[in-house]
Amino acid sequence: MRELPKINQLKNLRAIIQYGSIRTAALALHQTQPAMTRSIQELEKILGVSLLVRGVHGAELTEMGRVFEPRMNLVLNELERALDELEQIERSSEGLVTFGCSHLPALTFVPGVIKNFQESYSTARITVAEGQLSELLASLRLGRLDFFIGIISPDISLREFVNEHLDVTQFAVIARKGHPLANSTSLSELRGAKWYLPTARAGFYNDIESLIFPYGREPESSVIFGNSATIAEHLILKEDYLFVGPKMMVTVPYLQQVVSIIPIKEKLPDGHYSLIYRRQQSLTPMAKKLMDDIRFAYLELVNRQVI
């Protein structure tokens, strides 16, 4: 049987990729530089290929290294999740949960769900990655995220995931109340406006951008791309940027007093919201519990909407 790499060798390689140099990685992992160099040399001997080369910016992956990295990360992530799951079973109130969500959950119910969850599981460590599915899909595939809640799109393949449909939501152009363009009735009147749009290489928001700018962006238009609900809120309320979002967003108590829907005649595509998680990855008890809470909170929000 072919010799397999040791876990510490894989963790050393991951650290070098993360920090960009053997010296910095060695410091971060409290090792000597010669020891880490020797570990990587032994790993390369086991694999029979060169993984790293010295580049102008430090240690860089070879072509074979780039092939090896995703599967290595998958192995390490799965092993770390397995250890965390055992610890959660042993200590039911502790554990790590990492998940992704798009703007509607981030602006509406997710903060409250996390607050309530941590009141019950005070030692749980929760990490939230805000963004669109196209930006977070790689992290889901590698097991860096437990699950994702947000908009899905038919042009993004989800064959290796469980796709739990939640709701179909109408979208609109949203502005602060009193915006100079608040009474516009057509997208053509808005193309020279300032826009804040979610970063999306594919899927729903990529299609939205094509709808807003069918002939390309206007020279006078300002478009900022990002996935931060906080920045979006500031730009909309303070800088008169427009935003494309779910209509139900304006029913959120703290937002309904300050934002409104621009009554354009064009119908924007509906957003199909789902919970996504890998078929081959068993969720930890803590991740299952938080996902159940998020599912319940989303469906409760849908049932309360009045639009």
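By the naming in an unreviewed UniProt entry, the protein chain is LysR substrate-binding domain-containing protein, taken from Yersinia alsatica. For the record of the protein chain, the UniProt heading Sequence similarities (unreviewed entry) holds the text "Belongs to the LysR transcriptional regulatory family."

Our focus in this paragraph is the packing of aromatic side chains. In this description, an aromatic ring pair is defined by two values, namely the gap between the centres and the angle between the planes. A complete count under the given rule lists six aromatic pairs for this structure. Both rings, one in Phe99 and one in Phe147, keep their centres 5.0 Å apart while their planes meet at 10 degrees; by these two values the pair is stacked. Taken as a pair, Phe99 in strand E3 (residues 94-101) and Phe147 in strand E5 (residues 147-152) lie far apart in primary sequence, 48 residues in all. The class for Phe99 is buried, based on a relative accessible area of 0%. You can call Phe147 buried: its relative accessible area is 0%.

So, about the side chain of Ser102. As for its position among the elements, Ser102 is in the loop between E3 and helix H5 (103-107). If we ignore the near neighbours within four places in the chain, the residues touching Ser102 are Gly131, Gln132, Phe148, Ile149, Gly150, Ile151 and Tyr273.

One non-glycine residue, His30, lies in positive phi territory at about 60 degrees. Tracing the backbone through its elements, the reader meets His30 in the loop between helix H2 (22-28) and helix H3 (33-47). Phi at Asp240 is positive, roughly 65 degrees, even though this residue is not glycine. Tracing the chain through its elements places Asp240 in the loop between helix H9 (229-238) and strand E10 (242-246).

One open sheet holds the five strands; their spatial order is E9-E8-E10-E7-E11, and the pairing between them is mixed. A single partner strand is all that each edge strand has here, and the edge strands are strand E9 (222-226) and strand E11 (259-261). Geometrically, the sheet is characterised by an average inter-axis angle of 35 degrees between neighbouring strands, direction not taken into account.

On to helix H11 (residues 285-304). Since the α-helix turns once every 3.6 residues, residues separated by three or four places project in the same direction. Relative to the 28 Å expected for 20 residues at 1.5 Å per residue, H11 spans 29 Å between its end C-alpha atoms, a close match to the ideal helical length. Within H11, the full set of buried residues consists of Met286, Ala287, Leu290, Met291, Ile294, Arg295, Ala297, Tyr298, Leu301 and Val302.

What follows is about the UniProt feature "domain: HTH lysR-type" (unreviewed entry) in the protein chain. Within this numbering scheme, the UniProt entry marks residues 5-62 as carrying the feature "domain: HTH lysR-type" (unreviewed entry). A helix fraction of 60% and a strand fraction of 14% characterise residues 5-62, whose end C-alpha atoms lie 18 Å from each other.

Counting residues in each nonpolar core, the largest one holds 64 residues, and the members touching the most others are Val173, Trp195 and Val244. Counting 15 residues, the second largest nonpolar core, distinct from the first, contains Ala15, Ala26, Leu51 and Leu61.

Conventions and cut-offs
- Residues numbered from 1 in each chain as written.
- Predicted model: local features only at pLDDT ≥ 70, side-chain atom pairs only at ≥ 80, totals over all residues.
- Heavy atoms only, no water.
- UniProt positions renumbered as here; feature names shortened; annotations may be inferred.
- Phe/Tyr/Trp six-rings, centres within 6.5 Å; stacked < 30°, edge-to-face > 60°.
- Helix = DSSP H or I, 4+ residues; strand = E, 2+ residues; numbered from the N terminus.
- Buried < 20%, exposed > 50% of the residue type's maximum accessible area, 1.4 Å probe, protein only.
- Contact = heavy atoms within 4.5 Å.
- Pairing = 2+ DSSP bridges.
- Axes fitted to C-alpha atoms, helices over the stretch in contact; angles between N-to-C directions.
- Expected span 1.5 Å × (residues − 1).
- Core = buried A, V, L, I, M, F, W, Y, C linked by side-chain atoms within 4.5 Å.

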